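Coordinates in review
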Amino acid sequence: MIIKRREFLKISSLATASLLVPNFLQSMTLDNALNPSQKILIVLQFTGGNDGLNTIIPTKNDIYFQERNTIAITDSLALNDETGINPALSYFKELFDSGELSLMNNVGYPNPDKSHFRSMDIWHSASKSDEFLETGWLGRFLDEECYKCEHPTQALEVDDMLSLALKGENNKAFAFKDPKKLYQTSQEKYFKSLYNNDHHHDDETVSYLYKTLGSTINNADYIFEKSKAKKSTQEYPNSKLGKDFKTVASLIKSDINTQVYYLSIGSFDTHVNQNERQQKLFGEINDAVKSFVADMKSNGLFSDILLMTFSEFGRRVAQNASKGTDHGTANQMFFISGGLKKKGILNALPDLQNLNEGDLIYTEDFRKVYATVLKNWLNADSSKVLGWKNGIYDFI
C-alpha cells in the first residue's frame, strides 16, 4: 500500500497526540494505580511573555508609575503595604490571604534571550542560554523515574502537540486536547481501515506511526471512559482554560497514574494595548483556577496538588508608545497548593533602580525552582534530571 502525503499527515496528527500510548494505558488499567499519597504537579504556562510588573505591582515605587504613566495598575488588590496584585486575579488574592499561594519574584537565568522560541526552549529544557538540549526537564524526570515505578509514572499535556518540556530520551508524555475527540477520531472509518490492513514499511517513521495509530485505535475508547469515570459536580467556566482544567480534574479523580499535568494559555505578547489583553487572560485564569481549586478541595485532594505558573520572560520596565511593553527578562512565578511550607511573597520585589539597559536583573534561577519541585514535591533526584547542584528552596 502506498501512503500519500495527506494520509501521512492525518496519521501523524493522531499519532503525535498519543506518544507512548502502550505504557500510558498500562498504567491506567491497573487497579488503584494512583498512590493516595502521590503528589501531583500541574504546570500552567503563560505563553508569550507575561508582564510581571503589571501582575504583581510595586504600589509604593515611584519609578514604576513614572515609567508606566498610562498603563500602570492603580487599583491593585493589596497583598501587603508595598505590594498589590492585578485586580483581575482576585481569587489569587484570596488564595494569598488563606496561605494557599506563594510567589517568587525575579526568576530568570544568566544571559537571557528575548526570542519567544529560544527562551521557551530554555525554560522547557532547563538548559543554559548557550546550551541546546533536545529533551525537556519533565521528560528527563520520566526517563529517570519511570523505570523503577511500581506503576509507570506518566505525564499528560492538554494540547494537540507535545511540548519540549515533556519529551525525554526514552519516555515522553501523552498529549491530547479532548478525550472524547480523541476517541471519535480513532473511530473514523479511514483510520480503522488503515489499521485493519497489514502494513510493513521499510521507513522507520511510517512504521512507527502505524504502530502508534493501532495502539490509539485499540485504546482510545478506554481513555475516553476513564476520563468520565468520576464526573465533576463543580461548575467550570466555558473558556478554553476552564475546559482544560475540568479535563485535568476528571482525570485526577479517576485514579489515573498521572503525576504531571501541563496546560498553557496565551498569548501574553502585549506590545499593544496591554492592559485590555492582560485583563482578559487573567480573568480566564482566575475563574478557571477558582473552579479547579474548589473541585480539588471538595474531593480532599488540594493538599497533594501543586499548581505552578511560568512565562518565558517578563517585559521591559518602561512602557512603549503603543500602551504596551516589549520583551524583557526576569519575571515572577506563582505556586498554589494546600501543602505549602512557606506562604506569601518569598523574596524581594524587583529592584527598579538597578536595571540592565532597561531590563530587570534576575536574582533567582528557574532551574533552582525546578530542582525544588523535583526533589521536594515529586520525590525525584533533581541532580540527575537537571544536573543542578546549587541547592533548593524550602517553600514546598
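- In the annotation of an unreviewed UniProt entry, the entry for the protein reads Twin-arginine translocation pathway signal, and the organism field reads Chryseobacterium piscium.

A short note on the pairing of strand β6 (residues 154-157)
- Burial along β6 is two-sided: the face carrying Q154 and L156 and the face carrying A155 and E157 are both buried.
- Relative to strand β8 (residues 258-265), β6 runs parallel, the two being bridged by 4 bridges. Pairing of A155 across the sheet is with V260, part of β8.
- In this structure, β6 lies alongside strand β7 (residues 174-175), joined through 2 bridges in parallel fashion. The residue of β7 that forms the bridge with L156 is F174.

Examining empty space enclosed by the protein
- If you walk through the whole model with that rule in mind, you get 1 cavity of 30 Å³ or more.
- Considered as a void within the structure, the largest cavity measures approximately 90 Å³ in volume.
- The wall of the largest cavity is formed by G52, L53, I56, P58, N105, N106, A330, N331, Q332, L349, P350 and L360.
- Going through the elements one at a time, β2 (56-58), β5 (101-108) and β10 (331-337) are the ones with two or more residues in the lining of the largest cavity.

What about the packing of helix α10 (residues 240-253) against helix α11 (residues 274-298)?
- Their axes nearest at 9 Å, the elements α10 and α11 cross at an angle of 15 degrees. The angle between the axes of α10 and α11 places the two elements in the roughly parallel class. Every pair of crossing elements has a handedness; the one defined by α10 and α11 is right-handed. In contact with L241, G242, F245, V248, A249, I252 and K253 of α10, α11 contributes E284, I285, A288, V289, F292, D295 and M296.
- The residue makeup of the contact of α10 with α11, split by class, is 10 nonpolar, 1 polar and 3 charged.

Digging into the packing of aromatic side chains
- Applying the stated criterion to the full structure yields 13 aromatic pairs.
- Taking 4.5 Å as the distance between ring centres and 25 degrees as the angle between the ring planes, the aromatic pair formed by W123 and F366 counts as stacked. Of this pair, W123 sits in helix α5 (residues 116-125) while F366 sits in helix α12 (residues 366-377); the two residues are 243 residues apart in sequence, bridging distant segments of the chain. Accessibility classification places W123 together with F366 in one group, the buried group.
- For the ring pair W137 and Y370, a centre distance of 3.8 Å and an interplane angle of 5 degrees mean the geometry is stacked. Of the two residues, W137 sits in helix α6 (residues 137-145) while Y370 sits in helix α12, which places them 233 residues apart along the sequence. Comparing W137 with Y370, the two get one shared label, buried.

Side note on the sheet that holds strand β4 (residues 83-85)
- Spatial ordering of the open sheet is given by β2-β4-β3, a layout of 3 strands whose pairing is antiparallel. Bordering the open sheet on either side are β2 and β3 (77-80), each of which pairs with just one other strand. On average, adjacent strands in this sheet sit at an angle of 35 degrees to one another, irrespective of strand direction.
- Bridge count for β3 against β4 is 3 bridges, and the pairing is antiparallel.

Re the nonpolar core
- Residues I42, F245, I285, V289 and F292 are the most contacted members of the largest nonpolar core, which totals 45 residues.
- Taken together, the elements giving at least two residues each to this core come down to β1 (40-46), α4 (90-97), β5, α10, β8, α11, β9 (305-311) and β10.
- Ranked by residues supplied to this core, first place goes to α11 with 8 residues.
- Apart from the residues lying within four places of it in its own chain, the contact partners of I42 are F245, V248, I252, Y261, L263, F292, I305, L306, L307 and M308.
- C146, L162, V373 and V385 belong to the second-largest nonpolar core, a separate cluster that totals 43 residues.

A few points about the pattern of salt bridges
- Scanning the model with the defined rule gives 14 salt bridges in all.
- A salt bridge links K114 to D359; the nearest nitrogen and oxygen atoms lie 2.5 Å apart. In this pair, K114 sits in the loop between β5 and α5 while D359 sits in the loop between β11 (344-345) and β12 (364-365), placing the two residues 245 residues apart along the sequence.
- On the basis of relative accessible area, D359 is assigned to the buried category, the value being 6%.
- When the shortest N-O distance is used, the salt bridge between R316 and D359 registers 3.2 Å. Remark: D359 occurs in the loop between β11 and β12 and R316 occurs in the loop between β9 and β10; sequence separation between them is 43 residues.

Comments concerning the side chain of E312
- As for its placement among the helices and strands, E312 is situated in the loop between β9 and β10.
- Buried within the structure, E312 lacks any salt-bridge partner; its nearest side chain of opposite charge belongs to R315, at an N-O separation of 6.8 Å.
- Separated by 3.3 Å, the side chain of E312 and the backbone nitrogen of G49 make a polar contact.
- Every residue in contact with E312, bar those within four places of it in the chain, is listed here: F46, T47, G48, G49, H116, S119, M120 and W123.

Considerations on the environment of E144
- Within the fold, E144 resides in helix α6.
- Residues E144 and E169 lie 25 residues apart in sequence; the distance between their C-alpha atoms is 9.8 Å.
- Apart from the residues within four sequence positions on either side, E144 is in contact with K384 and V385.

Parameters at a glance
- Residues numbered from 1 in each chain as written.
- Predicted model: local features only at pLDDT ≥ 70, side-chain atom pairs only at ≥ 80, totals over all residues.
- Heavy atoms only, no water.
- Buried < 20%, exposed > 50% of the residue type's maximum accessible area, 1.4 Å probe, protein only.
- Helix = DSSP H or I, 4+ residues; strand = E, 2+ residues; numbered from the N terminus.
- Pairing = 2+ DSSP bridges.
- 1 Å grid on protein atoms, 1.4 Å probe; cavity = no way out; pocket = protein on both sides within 12 Å on 5 of 7 lines; lining within 4 Å.
- Points joined across faces, edges and corners; volume = space filled by probe spheres on them.
- Axes fitted to C-alpha atoms, helices over the stretch in contact; angles between N-to-C directions.
- Parallel < 35°, antiparallel > 145°, perpendicular 65-115°, else oblique.
- Left-handed = near helix turned anticlockwise from the far one by under 90°.
- Contact = heavy atoms within 4.5 Å.
- Nonpolar A, V, L, I, M, F, W, Y, C, P; charged D, E, K, R; others polar.
- Phe/Tyr/Trp six-rings, centres within 6.5 Å; stacked < 30°, edge-to-face > 60°.
- Core = buried A, V, L, I, M, F, W, Y, C linked by side-chain atoms within 4.5 Å.
- Salt bridge = Lys/Arg side-chain N within 4 Å of Asp/Glu carboxyl O.
- Lys, Arg positive; Asp, Glu negative; His and termini not counted.
- Polar contact = N/O pair within 3.5 Å; in protein donor to acceptor, adjacent residues only side chain to side chain.

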